[in-house]
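Residue-level listing of the chains:
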Amino acid sequence: MTPISTTAGNDAIAPKRIAAYFGSPVVDGKIDPVWEKVPAYQAPHRSGDTRVSATFRVLWDDRALYVLAEVKDGHLSVQSGTPYMQDSLEIFLDEDNNKSQEYGVDDLQFRVNVENVQTVDKGDASRFYTAVSKTEDGYIVEARVALRKRPVNGTVMGLELQINDAVGEERVGTLNLFDSTGMAWNDTGLFGEVLLSGKKFNEQSGINPYDLLILIREAQSMDFTLYKNPEVVKNAIPDVTAEDLLGGQEVTQEWIDERYAALKAAIESLEMTEEAANEKYFRAMPTDYLADSDRPGTIETLWYEADNTEGGKDRKKLHVYLPYGYDASDKSVRYNVLYLMHGGGENEDLLFGGPGENRALKRIIDNMIARGDIEPLIVVTPSFYGGKNDVALFHEELIGTILPLVETKYNTYAKSAAPADLKASRAHRAFGGFSMGSVTTWHLFAKGGLDYFKYYIPLSGDSWALGDRSGGLKPEETAAFLARVVRESGYKAQDFYIFSATGKQDIAYPNLKPQIEAMKKHDDVFRYSSKPEKGNFYFMEAEDGSHTWYWQNQYLYNILPDLFKG
Ligand code: FER
């Protein structure tokens, strides 16, 4: 890859590495002179039927990385409802350059379209500031990504830059700087690299109004009707425009930092109204929950035999997360147990991998325990495949085989594997799952699970109690059926909890949402509230959530603190 315009030509650059120079551009969609010293790299990898071309340049300063994309595209479109199918720039960053396959705490994937509308696939939105301007033959994007660590000359980061080319509602192709597979969204190891250089001794960064501008943007998009005291935030929003702050002359960094601190404090002092607090609101998980914990749990694998439909047995396995400090010999400490089911086409290895693995959900649970968000617990990941191989029958294997195995092997609240002892410890047991795992959860609930499990976490999947997708197709009948199950069980509203969630972009949303609304009408058994002391059932909706585990992990981050309270 050769720089097409460079004043600092450097033939030694490796093919998967580009150079970035020190300097702080004003992010306003205009190309400042500071960009001129930086090599511009053409995107060499082309997929699909696209004729667009693009060049990229990268600058850095003490706080941020800046990307300039100049795109030639005669036809601009943001018609698709799917952000990556709109004309847009995507930035993929692996700040620590550890090329972890899974996205970790240092990794992000941000996108901005030609209307300067941002989408965040991974990472913290408050680190992203952009400006876009259209040109005669395309568009220019200037983007700033705030860094977690202060970089120096010689720092190397993982980087990928991508242009999505849309025609009408379709993405016809992509341009990429390094990756020709199109899989960088799923594997940071496919990124190339950027080498930071060119900072002179004592050279200073420019002014940073971006954190304040982003916080103002957040404050302005809040729903103030949810709060008793919205005026504290309204009064703390400074009366300045991006142009004022980017003009630069009048304002000092000190002035900006003071306004930022005041607005941040105001937002933190907001108090919800009683009515608003009845809803469970989605909160994005701080990305540092993905970091390796210094108090890691361990993963074990258990093998067992499960009855199959031919009258024989299938050999199956499940994984068990044991929290940091778990001591098999210390029977005085007992643990709650969460059983968590994968979705269709996935398996018991998906979430935890196996012994020695350190996947995202494990790190999240490690960090939640270490920070005191939740009590230490055991998490079990089985599979509905194998055995009777049917989500509507999995409860038989769960109650008949898995509970006796797991709850006697580990220090749980079950005194023995006898049904009476498993029932007596139901308040210390939860079951949840994603998609077909959610369908499994609803089946368990309706088929005797109430005797053994007090807590249910159906994520992004409806109940198929009355046939495939009956929660979506027959919401009233499905809700009435579920309510009747509870009434006939003898359990009261205060005896169980259903914490459900999905995203508005999730394919299961249209199935789950109507079922939940119908369930609310049966308020003798399903009492809607986010507060476990007021109700037994809530439904959390994430605006951007889609049908992936990335989002289900976020829901679990929000929901796990509500378990085992009651
Ligand atoms: C849903 C429940 C389950 C749903 C999809 C599924 C689209 C799972 C489908 C599959 O894994 O094939 O509500 O909505």
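A word on the site of the ligand
Logical step 1: Around the ligand lies a shell formed by Gly344, Ser435, Met436, Val439, Gly461, Asp462, Trp464, Arg469, Ile507, Ala508 and Asn511.
Logical step 2: Note that an oxygen atom of the ligand is positioned 2.8 Å from one of the side-chain N or O atoms of Asn511.
Logical step 3: In the complex, 78% of the free accessible area of the ligand, which totals 370 Å², lies under the protein chains.
Logical step 4: Its residues assigned to classes, the shell around the ligand shows 5 nonpolar, 4 polar and 2 charged.

A few points about the side chain of Asp87
Logical step 1: Mapping Asp87 onto the fold places it in the loop between strand S6 (64-72) and strand S7 (88-94).
Logical step 2: At 9.0 Å, Lys134 is the nearest oppositely charged side chain to Asp87, a buried residue that forms no salt bridge.
Logical step 3: For Asp87, the side chain forms a polar contact with the main-chain nitrogen of Ser77, separated by 2.7 Å.
Logical step 4: Once residues lying within four places of it in the same chain are set aside, the contact partners of Asp87 are Asp73, His75, Leu76, Ser77, Val78, Asn113, Val114, Tyr139, Asn164, Asp165 and Ala166.

Details of the environment of Phe434
Logical step 1: Within the secondary structure layout, Phe434 lies in strand S19 (residues 429-434).
Logical step 2: Note on Phe434: relative accessible area 3%, which makes it buried.
Logical step 3: Sequence separation between Phe434 and Ile516 is 82 residues; the distance between their C-alpha atoms is 16 Å.
Logical step 4: When near neighbours in sequence (up to four residues on either side) are disregarded, Phe434 contacts Met341, His342, Gly343, Glu346, Leu459, Ser460, His547, Thr548, Trp549 and Gln552.

Notes on a negative patch on the surface
Logical step 1: A grouping of Asp239, Glu243, Asp244 and Glu250 is seen on the molecular surface, where their side chains present a negatively charged patch.
Logical step 2: By secondary structure assignment, the location of Asp239 is in the loop between helix H2 (231-236) and helix H3 (242-247).

Description of the side chain of Asn411
Logical step 1: As for its placement among the helices and strands, Asn411 is situated in the loop between helix H7 (394-409) and helix H8 (419-424).
Logical step 2: By relative accessible area, which is 2% here, Asn411 ends up buried.
Logical step 3: At 3.3 Å, the side chain of Asn411 and the backbone oxygen of Asp327 are in polar contact.
Logical step 4: Each residue touching Asn411, except ones within four places of it in the same chain, is listed here: Tyr326, Asp327, Ala328, Asp330, Lys331, Val333, Arg334 and Tyr335.

Examining the environment of Ile498
Logical step 1: Counting through the fold element by element, Ile498 comes out in strand S21 (residues 497-503).
Logical step 2: Owing to a relative accessible area of 0%, Ile498 belongs among the buried residues under this scheme.
Logical step 3: A sequence separation of 272 residues divides Ile498 from Leu226, and the C-alpha atoms of the two residues are 24 Å apart.
Logical step 4: Aside from chain neighbours lying at most four places away, what touches Ile498 is Trp442, Phe445, Tyr456, Pro458, Met519, Phe526, Asn536, Phe537 and Tyr538.

About the cut-offs
- All residue numbers here refer to positions counted from 1 along the written sequence of the relevant chain.
- The predicted origin of the model limits local features to residues at a pLDDT of at least 70 and limits the giving and counting of side-chain atom pairs to 80 or more, whereas totals for whole chains, interfaces and linings rest on all residues.
- Computation of side-chain values covers all heavy atoms of the structure but excludes hydrogens and water.
- Residues are classed as near a molecule or strand on a simple rule: at least one heavy atom within 4 Å of it.
- Nitrogen and oxygen atoms within 3.5 Å of one another constitute a polar contact, given that in protein one can donate a hydrogen and the other can accept it, and given that sequence-neighbouring residues count only through two side-chain atoms.
- Accessibility throughout is a Shrake-Rupley quantity obtained with a 1.4 Å probe, and a residue counts as covered only by protein chains that appear here.
- Note on residue classes: Ala, Val, Leu, Ile, Met, Phe, Trp, Tyr, Cys and Pro are nonpolar, Asp, Glu, Lys and Arg are charged, and everything else, Gly too, is polar.
- Helical segments are the DSSP runs of H or I of at least four residues, strand segments are the runs of E of at least two, and each set is numbered from the N terminus.
- Summary of the burial criterion: residues with accessible area below 20% of their type's maximum are buried, those above 50% are exposed, and those between are partly exposed, where the area comes from a 1.4 Å probe applied to protein chains only.
- Note that His is not counted, nor are the chain ends; the positive residues are Lys and Arg, and the negative ones are Asp and Glu.
- A pairing counts as a salt bridge when a side-chain nitrogen of Lys or Arg comes within 4 Å of a carboxyl oxygen of Asp or Glu.
- We call two residues in contact whenever any of their non-hydrogen atoms come within 4.5 Å of each other.
- Surface patches are defined over residues having more than 30% relative accessible area and no salt bridge, joining like charges when they lie within 9 Å and nonpolar side chains (Val, Leu, Ile, Met, Phe, Trp, Tyr) when within 5 Å.
- In this description, the location of a charge corresponds to atom NZ of lysine, CZ of arginine, CG of aspartate or CD of glutamate.

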